[in-house]
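# Overview (structure and organization)
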Amino acid sequence: QVQLVESGGGLVQAGGSLRLSCAASGRTSSTYAMGWFRQAPGKEREFVAVIRWSTGVTYYADSGQGRFTISRDNAKNTVYLQMNSLKPEDTAVYYCAASRTNYYGVYNRNTYDSWGQGTQVTVSS
């Protein structure tokens, strides 16, 4: 099992930036991918971005394409989500997740078997 701890959330004005971090510990050697999901009040948890751990290949949801950048530091077992040009609709709890497989596809939350506690991102208009 992998333990994940997010940090970096907060309150920002529209157009501003935030960088989220997710530190992984435990059995990280079997990690296939690490991703970010978000959940706004009354909505389903949705995919934001993912990075394949060994290759560094990244994928993004349309909502964050061109504004969000996911990256990793293998030595620190940490994944980052740089979010620029934030919009009020980006307001949500952001969750870091890790998967050992690609069973349902990297966009599907059911692929991920380890989750962080979440960090709140609030974008004011």
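### Some remarks on the packing of aromatic side chains
- For the coordinates displayed, the defined rule picks out 7 aromatic pairs.
- Look at Phe 47 and Tyr 107: their rings are 4.8 Å apart centre to centre, the planes differ by 75°, and that puts the pair in the edge-to-face class. Of the two residues, Phe 47 sits in strand 5 (residues 46-52) while Tyr 107 sits in the loop between strand 9 (92-99) and strand 10 (114-115), which places them 60 residues apart along the sequence.
- You can call Tyr 107 partly exposed: its relative accessible area is 47%.
- Centroid distance Tyr 103 to Tyr 104: 4.7 Å. Interplanar angle 85°. Geometry classified as edge-to-face.
- Note on Tyr 103: relative accessible area 66%, which makes it exposed.
- Taken together, the aromatic side chains of Phe 37, Phe 47, Tyr 59, Tyr 107, Tyr 112 and Trp 115 make up a single cluster linked through ring pairs.
- Lying across the ring of Tyr 95, Arg 45 places its NZ or CZ 3.7 Å from the centre.

### Let's talk about the state of the cysteines
- If you walk through the whole model with that rule in mind, you get 1 disulfide.
- Covalent S-S linkage joins Cys 22 and Cys 96, the inter-sulfur distance amounting to 2.1 Å. The chirality of the disulfide connecting Cys 22 with Cys 96 is left-handed, given an S-S dihedral of about -80°. Residue Cys 22 is found in strand 3 (residues 18-26), and its partner Cys 96 is found in strand 9; the two are separated by 74 residues along the sequence. Like Cys 96, Cys 22 is buried.

### Looking at the pairing of strand 1 (residues 2-7)
- Only one face of strand 1 is buried: it carries Val 2, Leu 4 and Glu 6, and the other face, with Gln 3, Val 5 and Ser 7, is open.
- Across 6 bridges, the pairing between strand 1 and strand 3 is antiparallel. Its bridge partner lying in strand 3, Leu 4 is registered against Ala 24.

Here is what the cut-offs are and how they apply
- Along every chain, residues carry numbers that run from 1 in the direction the sequence is written.
- Side-chain atom pairs in this predicted model are given and counted only at pLDDT of 80 or more, local residue features only at pLDDT of at least 70, and totals for whole chains, interfaces and linings cover all residues.
- Each side-chain value is derived from all of the structure's non-hydrogen atoms; neither hydrogens nor water enter the calculation.
- Pairing of aromatic side chains requires ring centres within 6.5 Å, counting the rings of Phe and Tyr and the six-membered ring of Trp. Pairs whose planes differ by under 30 degrees are stacked, by over 60 edge-to-face, and all others tilted.
- Secondary structure elements follow DSSP: runs of H or I no shorter than four residues count as helices, runs of E no shorter than two count as strands, and numbering proceeds from the N terminus.
- Each residue's exposure class comes from its accessible area (1.4 Å probe, protein chains only) as a fraction of the maximum for that residue type: buried when under 20%, exposed when over 50%, partly exposed otherwise.
- Counting as a charge over the ring demands two things of the Lys NZ or Arg CZ atom: a distance within 6 Å of the ring centre and an angle within 35 degrees of the ring normal.
- A pair of cysteine sulfur atoms is labelled a disulfide when the two atoms are within 2.5 Å.
- Following DSSP output, two strands are said to pair if at least two bridges run between them.

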